[in-house]
Amino acid sequence: MRQLQGMDSSFVAMESPNSPMHIGNVLIYNPETAPGGFVRFKDILSFIEARMQLSTTMRQRLVRVPFDLDYPYWIEDPDFDLEYHVRHVALPKPGDWRQLCIQAARIHARPLDLDRPPWEFTIIEGLDNVRGYPKGCYALVTKVHHAAIDGMSGIDLLEATHTIAPNTAPPNSPDEWQPEKIPGPVELLGKSYFNAIINPLKQARVAAQAVPGVAATIKGLVTREFKLSSDYVPPLTRFNTSISPHRVIEGRTFPLADMKAIRTLVPEAKVNDVALAVIGGALRKYLLSKDDLPKTTMTAMAPISVRSTDEKGDMGNQVAAMIAPLGTHVDDPAERLQYVFASTSNSKAMTGAMGARRMTEVSKANPLLYMALGAQLFNRVSLAHRVMPFNTVVTNVPGPPVHIYSAGARLESMALSLICLTDGLGLAHVVQSYVDEAYISFTACRDIVPDPEFYSQCLQDSFDELLAATKAADTGSAAKKTAQKASSKKTPAKKTTAKKTVSKTAAKSAPAKRKPTASTQKIAKAAKGKAPT
C-alpha cells in the first residue's frame, strides 16, 4: 500500500467525463517474425501474463480516501483479471489508416474504470489497407492513467511488455506478487488524520527548499541570464475553450535523419527545437486557413522529466514543465526555428534557476481536498479559457533506438501517441522516436479540430518547408565555398608585410554570418470555415 504524490493526485482530481486523464499509444506490429508468422490473441495474453512481474503498474489499483480528504493509495488488486484489461477488435473493410485513427480515438475517449488497475490494451486487427505496412499487421492501442505513469515510466511499461529479440524466453524467476486487502473507510480516514497533522511540516520544508530557487531566479533576471517577455503570455485561440468528450487523433512520420539535418539551420539547436518549429508552422497554416491566426506567438507547455536513474521503474510522475513559444507569428521557417531555439534556451535557463526537481516537490505538500475543489471550480465556472497559461502541450518521449518485439511480432511503428485533454486545452502533441523514425502526433477535441487530416497535412507541409530551407542553405553554403576556392586560385597573392598578410588571412578564414533563408513556399490563404477533410 503506497500513497500517491501530489502531481499524480492532481490527475485523479481533474478526472471528469469530458476529461479522462489517461495517455497511450497506437503501436503497429508485424507478425512475420513470430513462430509460424502468425500471432493469436491468446498468444498475446500468455506473453503479457508471463511478464507482468516486470511491471509495478499492471496489477495496482487506486483506493480513494472518503471525501478526498487525502491523497489516494495504490494497492495490489485482489480481483485482478488480465482478460478484462486486454481486449480484441477488428476494423471493418477496407481497414485503412483513417479507420484506424477513428477507432483508436473512440477507445481513447472512454474513461478508465478507476475501481480496477487503470490501464487497458486493445488489439486491433484488419489493417490490410493501411499504407506502408505489410498485410497481416495488427495494432495495439494502449491506455494508462496519467496518475500511474509519465512519459519515461511509460517507456518502462513498454519494456515490460516487449523483448529485444523475437524468441526471448519468459522470466525464469518465480512471480512473487501478492494481492492486498482493500482498506476500509475508517483505516483510510485515520491515515488522513495523521497526514493532516504532519502536512504543515512538509509545507514548511518545501517552502524552505524553494527559497534558493526564488533567489536564483531573481539573480538571473538581474544579471540578464534570462528574461521575462510578453512572448510567454499565450493569446486566446480556438483551442483554449471548454472541450467535449469526443476525440480525434492523427499524426505524421518523418525520417529521424531529416529532423537532425534541419538542426543545422541553427547551430546548437536540438531535435526538440525542430519539432516545436514544425508544430508552430503547422498551427500557423491551420489558423491562417480559418482566418484566425493571433498576432502574437502561441505557446506550448513542454514537460521536462526529472526522473533519476534510481526512479526509472517507479510509478507516477516525475516531471517539471517549461513554457515554449512556438513562433506562430513568424512566416519564414528558418527564422521560426531560430526564434524557437532562442525562446527555449531562455526557458531552460529560467527553469534551471528555479530548479526543475524542486518544482515537482512543491505539489507534494498541497492538500488533495484543495486540489479537488480547485479542479471542480476550474471546470464548472469555465475558467479554463481565461487562465490557461499556454495554448497547447508538446511532450517529447524518446523511444527505443532498436527494433523490439511483443509475442514474437516486430514493432514496426510507434505511429501515434495519445494524450489527455482538459477544459482550456483542446489540442495536445506528442513527439516520439523509434529506430530511424520520428513521429509528431496529436490528440484533439473533435468539436475544436473537426478536420484532423487537414491539420496533419499542415504538419507535413511545415516540415517540408524547414527541410527545403535546410537544403537551400546547404546548397548556398557549398556554392559559396566553391566560388571562394576558385577565386583564390585565380587571384595571385600580393606582396605585403608579414603583419598585413596575417591580418588578411585571418579575415578570409573568419566564418561569414549566416543570413536567414527565406522560405520558398508561401502559405496560400484558404477560404474561411472548415478545410475539406
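What you are looking at is a predicted structure, and each value in this text was computed from that prediction instead of being measured.

Q: What am I meant to see in the pattern of salt bridges here?
A: With the rule as written, the count across this model stands at 15 salt bridges. Residue aspartate 115 pairs with arginine 61 through a salt bridge whose shortest N-O separation is 3.9 Å. Of this pair, aspartate 115 sits in the loop between α4 (97-109) and β6 (119-125) while arginine 61 sits in strand β3 (residues 60-63); the two residues are 54 residues apart in sequence, bridging distant segments of the chain. By relative accessible area, aspartate 115 is classed as exposed at 53%.

Q: In this structure, what is going on with the side chain of histidine 108? I would like to understand it.
A: As for its placement among the helices and strands, histidine 108 is situated in helix α4. Within the structure, the side chain of histidine 108 is placed 3.1 Å from the backbone oxygen of isoleucine 419, a separation counted as a polar contact. In this view, histidine 108 contacts Pro20, His22, Ile23, Lys143, Leu418, Ile419, Cys420 and Thr443; residues no more than four positions away in its chain are not counted.

Q: What is the right way to read the packing of aromatic side chains from this model?
A: Within a pair of aromatic rings, the relevant descriptors are the distance that separates the centres and the angle that separates the planes. Under the defined criterion, the tally for this structure stands at seven aromatic pairs. Between tyrosine 286 and tyrosine 455, the ring centres sit 5.5 Å apart and the planes meet at 80°, which makes this aromatic pair edge-to-face. Remark: tyrosine 455 occurs in helix α13 (residues 452-490) and tyrosine 286 occurs in helix α8 (residues 271-289); sequence separation between them is 169 residues. For the pair formed by tyrosine 286 and tyrosine 455, the shared burial category is buried. Site record: aromatic cluster; members linked through ring pairs are Phe239, Tyr286, Phe442, Phe454 and Tyr455.

Q: Quick question: what am I supposed to make of the pairing of strand β2 (residues 22-30) here?
A: Within a regular beta strand, the side chains point alternately toward one face of the sheet and then the other, so they alternate between its two faces. Of all nine residues that make up β2, nine are buried, and the element is covered over most of its length. Judged by which residues are buried, β2 turns out to be covered on both faces: His22, Gly24, Val26, Ile28 and Asn30 on one side and Ile23, Asn25, Leu27 and Tyr29 on the other are all buried. In this sheet, strand β7 (residues 138-145) lies alongside β2 in antiparallel orientation, the contact comprising six bridges. The residue of β7 that forms the bridge with isoleucine 23 is valine 144.

Q: How should a positive patch on the surface be read in this particular structure?
A: A cluster of basic side chains, namely Lys260, Arg263, Lys270 and Lys348, defines a positive patch on the protein surface. Along the chain, lysine 348 falls in helix α9 (residues 333-354).

Q: Explain the sheet that holds β6 here, please?
A: Strand pairs in the sheet, formed through backbone hydrogen bonds, run parallel or antiparallel to each other. The six strands lie next to each other as β5-β6-β7-β2-β13-β12, forming an open sheet whose pairing is mixed. Looking at strand neighbours, the two that pair on one side only are β5 (86-90) and β12 (405-406), the edges of this open sheet. On top of the sheet, α4 reaches β2, β6, β7 and β13 (409-418); it is set at about 145° to β2, its chief contact.

Q: Mind showing me how you'd approach α4 here?
A: A turn of α-helix holds 3.6 residues, and therefore any two residues three or four places apart point the same way. In this model α4 runs 18 Å from its N-terminal to its C-terminal C-alpha over 13 residues, within 8% of the 18 Å that 1.5 Å per residue would give. Within α4, the full set of buried residues consists of Gln99, Leu100, Cys101, Ala104, Ala105, Ile107, His108 and Ala109. Each element contacted by the buried residues of α4 is listed here: β2, β6, β7, β8 (247-255), β13 and β15 (437-445). Of the residues flanking the start of α4, the one acting as N-cap is aspartate 96, its side-chain oxygen 3.4 Å from the backbone nitrogen of arginine 98.

Q: What is the right way to read the sheet that holds β3 from this model?
A: The antiparallel open sheet is built from three strands, whose spatial order is β1-β4-β3. Edge positions in the sheet fall to β1 (2-3) and β3, since each of these pairs with one other strand and no more. With four bridges joining them, β3 and strand β4 (residues 73-76) adopt antiparallel strand pairing. Pairing of leucine 62 across the sheet is with tryptophan 74, part of β4.

Q: It is not clear to me how the pairing of β15 should be interpreted in this structure. Could you clarify?
A: Most of β15 sits out of view: eight of its nine residues are buried. As defined by bridge partners, β8 adjoins β15 across nine bridges and the pair is classed as antiparallel. Considered in β15, the bridge of proline 255 is made with glutamate 437. One ladder, built from eight bridges, connects strand β14 (residues 427-434) with β15; its direction is antiparallel. Note that in β15 the partner of tyrosine 434 across the bridge is glutamate 437. Between β14 and β15, which pair antiparallel and follow one another directly, the connecting turn spans two residues, one of which, valine 435, has a positive phi of 55°.

Reading guide: rules and limits
Counting restarts for each chain, with residues numbered from 1 along the sequence as it is written. Per-residue local features are limited, in this predicted model, to residues with pLDDT of at least 70; the limit for side-chain atom pairs, both in listing and counting, is 80 or more; totals at the level of whole chains, interfaces and linings are taken over all residues. By convention in this description, side-chain values take in all heavy atoms of the structure and omit both hydrogens and water. A side-chain nitrogen of Lys or Arg and a carboxyl oxygen of Asp or Glu constitute a salt bridge if their distance falls within 4 Å. Runs of H or I in DSSP of at least four residues are treated as helices and runs of E of at least two as strands, each being numbered from the N terminus. Buried residues are those whose accessible area, probed at 1.4 Å on protein chains only, stays under 20% of the maximum for their type, while exposed residues exceed 50% and partly exposed ones sit between those limits. Two N or O atoms count as a polar contact when they lie within 3.5 Å, although within protein this holds only if one can serve as hydrogen donor and the other as acceptor, and sequence-adjacent residues are included solely when both atoms are side-chain atoms. We call two residues contacting when some pair of their heavy atoms lies within 4.5 Å. Here a Phe, Tyr or Trp ring, Trp counted by its six-membered ring, pairs with any other such ring whose centre lies within 6.5 Å, and the pair is stacked when the planes are under 30 degrees apart, edge-to-face when over 60, and tilted otherwise. Paired strands, as defined in this entry, are two strands with at least two bridges between them according to DSSP. Exposure above 30% relative accessible area and the absence of a salt bridge qualify a residue for a patch, where like charges join within 9 Å and nonpolar side chains (Val, Leu, Ile, Met, Phe, Trp, Tyr) within 5 Å. Each accessible area is a Shrake-Rupley result for a 1.4 Å probe, and residues are judged covered by the shown protein chains and nothing else. Only four residue types enter the tally: Lys and Arg on the positive side, Asp and Glu on the negative side, with His and both chain ends excluded. A charged residue contributes its charge at one atom only: NZ of Lys, CZ of Arg, CG of Asp or CD of Glu. Axes, fitted as lines to C-alpha atoms, cover a helix only where it is in contact. Angles between the N-to-C directions of the axes lie from 0 to 180 degrees. Each helix should span, by expectation, one fewer than its residue count multiplied by 1.5 Å.

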